[in-house]
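# Secondary and tertiary structure notes
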Amino acid sequence: MARLARARSVFRAIAVTVVPAAAALDDGAWRDLEAIVEDEIAKRPARVQRQILALLRAIDFLPLARYGRRFSALDRARRTRFLHALEHAPVLLLRRGFWGIRTLVLMGYYARPAAATAIGYRADARGWEARR
Amino acid sequence: MSARRYDVVVVGSGAGGGTVAQALATLVREGVRVLVLEQGPRFSAAEFTGREREMAGALYHDSGGFLTADGTMTLAFAHAYGGSTLVYTGTSLPAPERVIRRWAVPGLDHGDLARRCARYLGENNAHLLSPAELNDNNRLFAAGARAAGYVAEQFPVNVRGCKGSSLCNLGCPNDAKQGTNRVQLPAAERSGVEVVTRAEVLRIEADRSLTVRVSEAAPGAKGHPSEWVPGVHQVIARMVIVAAGAIGSPALLLRSSLPLPRALGRGFTCHPALILVAAHPRPITNDVGHPKSYFVDRAADERFVLETCMYFPFTTAKAITGFGDSHAALMRDFTNLQMILLLACDRAVADNRVAVDAAGRPVVHYRFTEETIGGLVAGTRASARIFFGAGAERVLAPFADPPVLDRSASGDIDSRITRRGWLPGTITVSAAHLMGGCAMGRDASDSVTDAWGVVHGLPWLRVADASLFPDGLEINPYVTIMALADRVAEGARRDLAALAD
Ligand SMILES: Cc1cc2nc3c(=O)[nH]c(=O)nc-3n(C[C@H](O)[C@H](O)[C@H](O)COP(=O)(O)OP(=O)(O)OC[C@H]3O[C@@H](n4cnc5c(N)ncnc54)[C@H](O)[C@@H]3O)c2cc1C
Ligand code: SF4
């Protein structure tokens, strides 16, 4: 968990804004989610890994100028507004950056078998047989 | 290091390479040595668990997350014995006459391609599924299209003993899909063609030698070990047939110090796609049954094609625009979701191209033209009409703000879904029909190969995969790729004797 540990509070704050249901995860489920994200980050070149961490830190500190608080200390409505602004930023680099973080969060959350079961996803190698 | 000698070396074992391997097998009986080098491993159906992340990591380049240079589109392609046919859905359509005529490649005749397509459609058991095999997701598409005034056609699919697990894009756990891994490659091997997996060709030299890196299987990783000892090998060939796919082939040739035409890498197209979803008021069968049975072809008039599709939880979540409550609400309704894959029919432009970075890795430069964006907007509108026509209550429309329309907006589709909503980097665009980069054409001034896949100026070097397409195909491409590869193999059989050692 070395890389994500350095930005855990902002990462979790983003995660619960992107997927509100993540707020209800217990410690074990957070560990699963973060292990997926960590593993995914580890596959990227060192330069990209640094960029991801820098973006997470930037997301934490940028709201200071506007709201006088870090992202992780904002309420849900302000977090949502801030991320929405980032998602639609005039600069492609920022939009791309947010899209990448959003993708990591969605992967961490929805690639867990527990999340797939929770939304009712039941694909099975036995196909129709499994439903009869 | 001593070099191994072969008469013909085929690079890649996907739709193109697998076809060439089988079509050259008759030569083996005459003493000709044919080798296929494939970067990916061999897999067994038992290894296909259907677990999204695990399978994407094992089968796809960059786990399916390979991005274009500006990061606005994801390109999906596989590395495996069988190439991307291992992960394709198996919809099987012949080359459209209108498109082949528009390509205007001297010496390439639609009638010839059509005959070859028909042969491979038969060989791969392409057929229409019976009504009893169709799930609600497919039936609703056909009904919605009818209600909205579109013509929905049924796709032939190339399956034998399909159980309807809906996992085609993660590898078929039932060996039902008739990809080159099931049909052409085993036939080639039975006839004596040698196939070596985990063998990546790094470069091809002008003396017809190939530098090949054979990789070891990582501990615990899926896939069989290579047939050769891990390490770097030299291979010398009389003829080299490159079939490494629309990214792999241009990238390999660009890494090689060969006198190649300037068009190399250029004219890349990919049918940029959006996964669109809509929530019905009740659960439907969507994650059981073959995922893809119908399509609406508006390529000629509106530059898009719509297909039924069904994706896995993370892929679906990534495709749904936005985040927070509205996103979560659609995901919570997963059992009620109908899905449509919208493909824009993009046209070749020189600047959309495959290049390589300093380390020789592929980089794809792609800019969305106004026509392509127009196809995506028109296709999103048509999908919304089909979804509402099928009875959906909420429809994902990435070009609208907010991006989810409820039924009350079904009369305002044209005003709500507009070009103004296109902002690259906010909408998840992905593509799996990768085409072009080694285009066929007249001569080295306009293309890379002739109509038989022979690289201009290098009779010993040929291309036999989707990179041959001089422009987009506007339908699912694998059968056309097989037909073209079959021609390349015929040319190779004809010309091999004339090539000196
Ligand atoms: C998810 C998905 C679904 C699809 N569904 C359909 C469908 O339903 N119908 C349809 O018609 N098409 C479909 N397609 C597209 C179709 O699969 C491809 O167009 C087709 O397989 C391309 O054939 P190809 O030979 O050009 O490349 P590929 O099939 O991709 O094969 C290229 C092979 O070359 C190997 N290779 C690359 N570089 C090297 C190297 N340097 N050395 C050695 N080997 C190398 C790769 O590992 C790969 O195995 C789908 C594709 C995807 C990804
Ligand atoms: S739906 Fe049929 S072809 Fe597709 S993975 Fe399942 S059994 Fe195989």
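Note that this is a predicted model, so its numbers are computed, not measured.

## Some details on the site of ligand 1
Residues and elements named next belong to chain B.
- Around ligand 1, the surrounding shell holds 38 residues, and the nearest of these are Glu38, His79, Ser84, Thr91 and Tyr478.
- His79 is positioned with one of its side-chain polar atoms (N or O) 2.6 Å from an oxygen atom of ligand 1.
- Contact distances for ligand 1 include 2.9 Å between a nitrogen atom and a backbone N or O atom of Val201.
- About the coverage of ligand 1: the protein hides 95% of its 990 Å² of free accessible area.
- Going through the elements one at a time, α1 (15–23), β9 (199–204), α8 (245–255) and α14 (478–495) are the ones with two or more residues in the shell around ligand 1.
- At 3 residues, β9 tops the list of elements feeding residues into the shell around ligand 1.
- Each residue belonging to the shell around ligand 1 can be placed in one class, and the counts come to 18 nonpolar, 16 polar and 4 charged.

## Examining the side chain of B:Thr197
- For B:Thr197, the position within the fold is in the loop between β8 (194–196) and β9.
- In contact with B:Thr197, other than residues within four places in its own chain, are B:Glu38, B:Gly40, B:Pro41, B:Arg42, B:Tyr81, B:Pro225, B:Ser226 and B:Glu227.

## Side note on the site of ligand 2
All names here are of chain B.
- Taken together, 14 residues form the shell around ligand 2, and within it Cys162, Ser165, Ser166, Cys168 and Cys172 come nearest.
- Applying the majority rule of atoms within 2 Å of the grid points places ligand 2 in the largest cavity.
- Taken together, the residues that form the shell around ligand 2 break down as 7 nonpolar, 5 polar and 2 charged.

## Considerations on the nonpolar core
All names here are of chain B.
- Counting 217 residues, the largest nonpolar core has Ile204 and Leu461 as the members making the most contacts within it.
- Looking at which element gives the most residues to this core, the answer is α14, with 10 residues.
- Three or more residues apiece are contributed to this core by two domains, here domain 1 (3–88 + 91–125 + 179–268 + 433–498) and domain 2 (131–154 + 273–345 + 369–423).
- Leave out the neighbours within four places in its chain, and Ile204 touches Ser209, Leu210, Val240, Val242, Leu252, Leu253, Ser256, Ser257, Leu258, Trp460 and Leu461.

## A closer look at the interface of chain A and chain B
- With 37 residues of chain A at the interface, the matching set in chain B holds 45 residues.
- Where chain A touches chain B, the interface holds 4 salt bridges.
- Between A:Glu40 and B:Arg53 there is a salt bridge; the shortest N-O distance is 3.5 Å.
- For the pair chain A and chain B, the interface holds 14 residue pairs in polar contact (both at pLDDT 80 or more).
- Contributing elements (two or more residues each) for the side of chain A that touches chain B: α2 (8–18), α3 (27–43), α6 (76–87) and α7 (92–110) of chain A.
- Sort the elements by how many residues they give to the side of chain A that touches chain B and α7(A) lands first, with 10 residues.
- Residue composition of the side of chain A that touches chain B, by class: 17 nonpolar, 7 polar and 13 charged.

## Examining the pattern of salt bridges
All names here are of chain B.
- Inspection of every chain in the model, using the stated rule, returns 42 salt bridges over all chains.
- Among the salt bridges present, the one from Glu205 reaches Arg203, with a minimum N-O distance of 3.0 Å.
- With relative accessibility at 22%, the residue Glu205 sits in the partly exposed group.
- With a relative accessible area of 29%, Arg203 lands in the partly exposed category.
- In this structure, the salt-bridge partner of Asp414 is Arg381, at a minimum N-O distance of 3.6 Å. Separated by 33 residues along the polypeptide, Asp414 in helix α13 (residues 413–416) and Arg381 in helix α12 (residues 370–389) bring together distant segments of the chain.
- Judged by its relative accessible area of 42%, Asp414 is partly exposed.
- Three or more residues joined by partner-sharing salt bridges are found here, namely Asp112, Arg116, Arg119, Asp486, Arg487 and Glu490.

Rules and cut-offs
Residues numbered from 1 in each chain as written. Chains lettered and ligands numbered in written order. Predicted model: local features only at pLDDT ≥ 70, side-chain atom pairs only at ≥ 80, totals over all residues. Heavy atoms only, no water. Near = heavy atom within 4 Å. Polar contact = N/O pair within 3.5 Å; in protein donor to acceptor, adjacent residues only side chain to side chain. Areas by Shrake-Rupley, 256 points an atom, 1.4 Å probe, with all protein chains shown as cover. Helix = DSSP H or I, 4+ residues; strand = E, 2+ residues; numbered from the N terminus. Nonpolar A, V, L, I, M, F, W, Y, C, P; charged D, E, K, R; others polar. Contact = heavy atoms within 4.5 Å. 1 Å grid on protein atoms, 1.4 Å probe; cavity = no way out; pocket = protein on both sides within 12 Å on 5 of 7 lines; lining within 4 Å. Sits in = over half its atoms within 2 Å of the grid points. Core = buried A, V, L, I, M, F, W, Y, C linked by side-chain atoms within 4.5 Å. Buried < 20%, exposed > 50% of the residue type's maximum accessible area, 1.4 Å probe, protein only. Domains from an automatic or database assignment. Salt bridge = Lys/Arg side-chain N within 4 Å of Asp/Glu carboxyl O.

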